[in-house]
Amino acid sequence: RDLHCPSGFDCDVTYGHGKFWGQIEAPPLKFDIEPQGVGVVRADSRLLPLRSASVGSLVFDPPFLTYVKNGRAHKNGAVAMTSRFGGYYTYAELESHYHESISEAARVLRDNGKLVVKCQDIVHNHRLHATHQRVMEMGRMEGFRLLDLFILVGKNRMPGPQAGQQRHARVWHSYFLVFEKVPAGRKI
């Protein structure tokens with residue numbers, strides 16, 4: 001926050017329980033598709049109830065779990081992570097959510113506005129998906145310039161394969177990608 005948004009963030013479009021904010025001040029605008037707390041407005045990150053070019057900074061931290069039977073419905077009570085965060089049944093659903101949300105962020109952010117996207121590379125259907133690379137491409141396509149990239153090593157490990165032969169290294173890290181919206185007519 002101090003490096004790219006020293007006065008704090010304006011908006012979190014995937015606020016959830018707000019645990020992301022831990023020791024820093026949460027933004028005044030809080031949205032989530034499934035609001036979990038007081039002051040969080042029900043809204044989809046792909047269709048925000050905000051005017052175009054109305055915010056200076058925005059955080060997008062969606063769930064990145066795949067093979068979740070009921071997707072974003074939070075109905076898979078047997079798995080704690082999916083009950084809390086939801087997820088996607090296919091990688092294509094996850095990728096589509098990222099792209100449509102980044103496009104919406106481009107609409108609501110002012111010129112030179114900052115977009116912070118949290119993502120994680122995943123193995124889905126025995127294939128490694130370099131989500132961070134795809135998100136960087138999506139950002140560029142939507143008129144953003146990558147300013148910074150942070151790699152965060154997880155404190156807790158996601159469970160590995162239940163049975164069978166492991167085919168990929170386990171992914172224990174995630175990325176914070178910091179983008180800046182380039183004014184129309186300027187080169188990215």
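Everything quoted here is computed from the prediction, not taken from an experiment.

S.K.: When you look at unusual backbone geometry in this model, what are you seeing that I'm missing?
M.R.: Peptide bonds are mostly trans, and most non-glycine residues show a negative phi. Phi at Ala 53 takes a positive value of approximately 55 degrees, unusual for a residue other than glycine. Among the residues examined, Ala 53 registers a relative accessible area of 42% and is labelled partly exposed. Here the phi dihedral of Asn 112 falls at roughly 70 degrees; this positive angle occurs in a residue that is not glycine. Among the structural elements, Asn 112 can be located in strand E5 (residues 109–119).

S.K.: Any chance you could explain the packing of helix H2 (residues 91–108) against helix H3 (residues 131–141) here in plain terms?
M.R.: The geometry of a pair of packed helices is captured by two quantities: the angle between their axes and the separation between those axes. For the pair H2 and H3, the least separation of the axes is 9 Å and the interaxial angle reads 35 degrees. In this structure, the crossing between H2 and H3 has a hand that is right-handed. Across from Tyr 91, Glu 95, Tyr 98, His 99 and Ile 102 in H2, the residues of H3 making contact are Thr 131, Arg 134, Val 135, Met 138, Gly 139 and Met 141.

S.K.: What's the story with the pattern of salt bridges in this structure? I'm lost.
M.R.: Tallied over the entire structure, the rule returns seven salt bridges. Glu 104 is the salt-bridge partner of Arg 107, the closest N and O atoms lying 2.7 Å from each other. Note that Arg 107 and Glu 104 are positioned in helix H2 at a spacing of three residues, about one turn of the helix. Overall, Arg 107 belongs to the partly exposed group, its relative accessible area being 29%. Assessed through its relative accessible area of 8%, Glu 104 is described here as buried. A salt bridge links Arg 145 to Glu 180; its shortest N-O distance comes to 3.0 Å. Pair noted here: Arg 145 is in strand E8 (residues 144–153) and Glu 180 is in strand E9 (residues 173–181), with a separation of 35 residues, a long-range link.

S.K.: For this particular structure, what's the right way to read the nonpolar core?
M.R.: The nonpolar side chains of a soluble globular protein tend to be buried, and buried together. Ranked by size, the top nonpolar core spans 27 residues in total, and within it Leu 58, Tyr 98, Leu 115, Val 135 and Phe 144 carry the most contacts. Looking at this core element by element, the count peaks at seven residues for H2. Within the second largest apolar cluster, nine residues are counted, among which are Cys 5, Val 40, Val 59 and Phe 176.

S.K.: How should the packing of aromatic side chains be read in this particular structure?
M.R.: Within a pair of aromatic rings, the relevant descriptors are the distance that separates the centres and the angle that separates the planes. Considering all chains together, one arrives at five aromatic pairs under this definition. When the ring of Phe 20 is compared with that of Trp 21, the centres are 4.9 Å apart and the planes differ by 75 degrees; the resulting orientation is edge-to-face. When its relative accessible area of 3% is taken as the criterion, Trp 21 is described as buried. Joined through ring pairs, the aromatic side chains of Phe 9, Phe 20, Trp 21 and Phe 176 make up one cluster.

S.K.: Help me understand the pairing of E9, please; the structure alone is not making it clear to me.
M.R.: For a regular strand, side chains alternate in direction, first toward one face of the sheet and then toward the other. The element E9 is extensively covered by neighbouring structure, given that eight of its nine residues are classed as buried. In this structure, E5 lies alongside E9, joined through six bridges in antiparallel fashion. Across the sheet, Lys 118 pairs through a bridge with Phe 176, a residue of E9.

Definitions and limits used
- Residues numbered from 1 in each chain as written.
- Predicted model: local features only at pLDDT ≥ 70, side-chain atom pairs only at ≥ 80, totals over all residues.
- Heavy atoms only, no water.
- Buried < 20%, exposed > 50% of the residue type's maximum accessible area, 1.4 Å probe, protein only.
- Helix = DSSP H or I, 4+ residues; strand = E, 2+ residues; numbered from the N terminus.
- Axes fitted to C-alpha atoms, helices over the stretch in contact; angles between N-to-C directions.
- Left-handed = near helix turned anticlockwise from the far one by under 90°.
- Contact = heavy atoms within 4.5 Å.
- Salt bridge = Lys/Arg side-chain N within 4 Å of Asp/Glu carboxyl O.
- Core = buried A, V, L, I, M, F, W, Y, C linked by side-chain atoms within 4.5 Å.
- Phe/Tyr/Trp six-rings, centres within 6.5 Å; stacked < 30°, edge-to-face > 60°.
- Pairing = 2+ DSSP bridges.

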